[in-house]
Amino acid sequence: MSTLGDWQHGNARPASVPAVHALEKMLGLPHQALSELIPRIELSERSGALGELLDQVPGARDRNVDVLSRQDRAWADEAGRIWRITSRVVLRARRDGVDRYILRYFADAGSVLSRIDVEAVANCTVGQVRWRADAPVIVAELCFGQRLRAGETWLLEYRWTNPTGESSTVLAHAVRHRLELYTLELVFDPAAPPAECHAFTQTDYDEPIRPTAALELNTHHTVHLIGTPLLTGLHGIRWRLRD
């Protein structure tokens, strides 16, 4: 009952909706009686919390750049929380005059959005930051400090720090347009190594997770995945915590 309550209130999400349908059948409930109670995290930029936040940042939906490569490095603390993510991104302007890049960040369950910090590390500054207390999503603006010409490339680096949130067992990046090269590295606290890890893909939040490769923890307590190229969908790492 506590698990169902967490799903209903958006504090956690099931691994796949088909699993919830199976649970409905086991409990003798009508089809979608439980799945309809699960709040959806909308990837759509035209609706939901994400759409509303993007409306507050002029030009946020415009596809002004192509992402040529992206490297994400994340850290899990002893409690299993993803407390920091650093990203290094190579962009190419699709038109003249591009001077910024828009971030979308989906926080883990239990996160206090007002305490999540986004920092510019290299070749950018933080502009507008928008969030809602009732939805685990943040939209932020990274400004280049100059205007690019069409075809010109730009490399920037930034990081998210989240001192709140619950322990997690999944980390993923949502790809909305073709991404030529993606690298995700996850660093575990030496005191809390995972029992097992695997890379996965998911066509949408409501679709089943498809494991793609088992990942072995190296001597530096990290695992990683490399995707080249990636199309739309979610690509990430999932793990099981030790008992």
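It should be noted that the structure appears before, not after, this text.
Quick summary incoming for the structure in this document. (Residues numbered from 1 in each chain as written. Predicted model: local features only at pLDDT ≥ 70, side-chain atom pairs only at ≥ 80, totals over all residues. Heavy atoms only, no water.)

## A few points about the overall build of the chain
Consideration 1: Of regular secondary structure, the chain possesses three helices and 13 strands.
Consideration 2: Residues counted as buried form 41% of the 243 residues belonging to the chain.
Consideration 3: Taking all contacts inside the chain whose residues are at least 6 apart in sequence as the whole, residues at least 24 apart take part in 71%.
Consideration 4: Surface exposure of the chain reaches about 13000 Å², of which carbon and sulfur atoms provide 49%. (Helix = DSSP H or I, 4+ residues; strand = E, 2+ residues; numbered from the N terminus. Buried < 20%, exposed > 50% of the residue type's maximum accessible area, 1.4 Å probe, protein only. Contact = heavy atoms within 4.5 Å. Areas by Shrake-Rupley, 256 points an atom, 1.4 Å probe, with all protein chains shown as cover.)

## So, the side chain of D99
Consideration 1: Position of D99 relative to the elements: it lies in strand β3 (residues 98–106).
Consideration 2: Judged by its relative accessible area of 16%, D99 falls in the buried class.
Consideration 3: For D99, the contacting residues outside a window of four places in its chain are L142, C143, F144, G145, Q146 and R147.

## A look at the sheet that holds strand β10 (residues 194–202)
Consideration 1: Taken in spatial order, the four strands make up an open sheet running β8-β13-β10-β11, and their pairing is antiparallel. The open sheet is flanked by β8 (170–175) and β11 (210–215), the only strands paired with a single partner. Taken over all neighbouring pairs, the strand axes of this sheet differ in orientation by 20 degrees on average, direction set aside.
Consideration 2: Across eight bridges, β10 lies against strand β13 (residues 233–241) in antiparallel orientation. Paired with C197 across the two strands is W239, which belongs to β13. (Pairing = 2+ DSSP bridges. Axes fitted to C-alpha atoms, helices over the stretch in contact; angles between N-to-C directions.)

## A word on helix α3 (residues 48–55)
Consideration 1: For α3, the complete set of buried residues consists of A49, L50, G51, L53 and L54.
Consideration 2: Residues of α3 that are buried make contact with β3, β5 (125–132) and β6 (135–148).

## Quick notes on the sheet that holds strand β2 (residues 82–93)
Consideration 1: Read from one edge to the other, the open sheet built from six strands follows the order β4-β7-β2-β1-β9-β12, with strand pairing classed as mixed. Because the sheet does not close on itself, it has two edges, and the strands there are β4 (117–122) and β12 (222–227). With strand direction ignored, the average angle separating the axes of adjacent strands in the sheet is 15 degrees.

## Describing the packing of aromatic side chains
Remark: the centre distance and the inter-plane angle together describe each pair of aromatic rings, the angle taken between the planes.
Consideration 1: One pass over the full model with this rule turns up three aromatic pairs.
Consideration 2: Residues Y105 and W160 carry aromatic rings whose centres are separated by 4.3 Å and whose planes lie at 20 degrees to one another, so their mutual orientation is stacked. With a gap of 55 residues between them, Y105 in strand β3 and W160 in strand β7 (residues 153–161) connect regions that are remote in the sequence. Take Y105 and W160: they sit in the same class, and that class is buried. (Phe/Tyr/Trp six-rings, centres within 6.5 Å; stacked < 30°, edge-to-face > 60°.)

## A short note on the pairing of β13
Consideration 1: Inspection of the sheet shows β8 paired to β13 by six bridges, in the antiparallel sense. Bridge pairing in β13 links H173 to H235.

## As for a nonpolar patch on the surface
Consideration 1: Residues M26, L27 and L29 make up a contiguous nonpolar surface patch of roughly 330 Å² in combined accessible area.
Consideration 2: In this structure, L27 sits in the loop between α2 (17–26) and α3. (Patch = residues over 30% accessible without salt bridge, like charges linked within 9 Å, V, L, I, M, F, W, Y side chains within 5 Å. Salt bridge = Lys/Arg side-chain N within 4 Å of Asp/Glu carboxyl O.)

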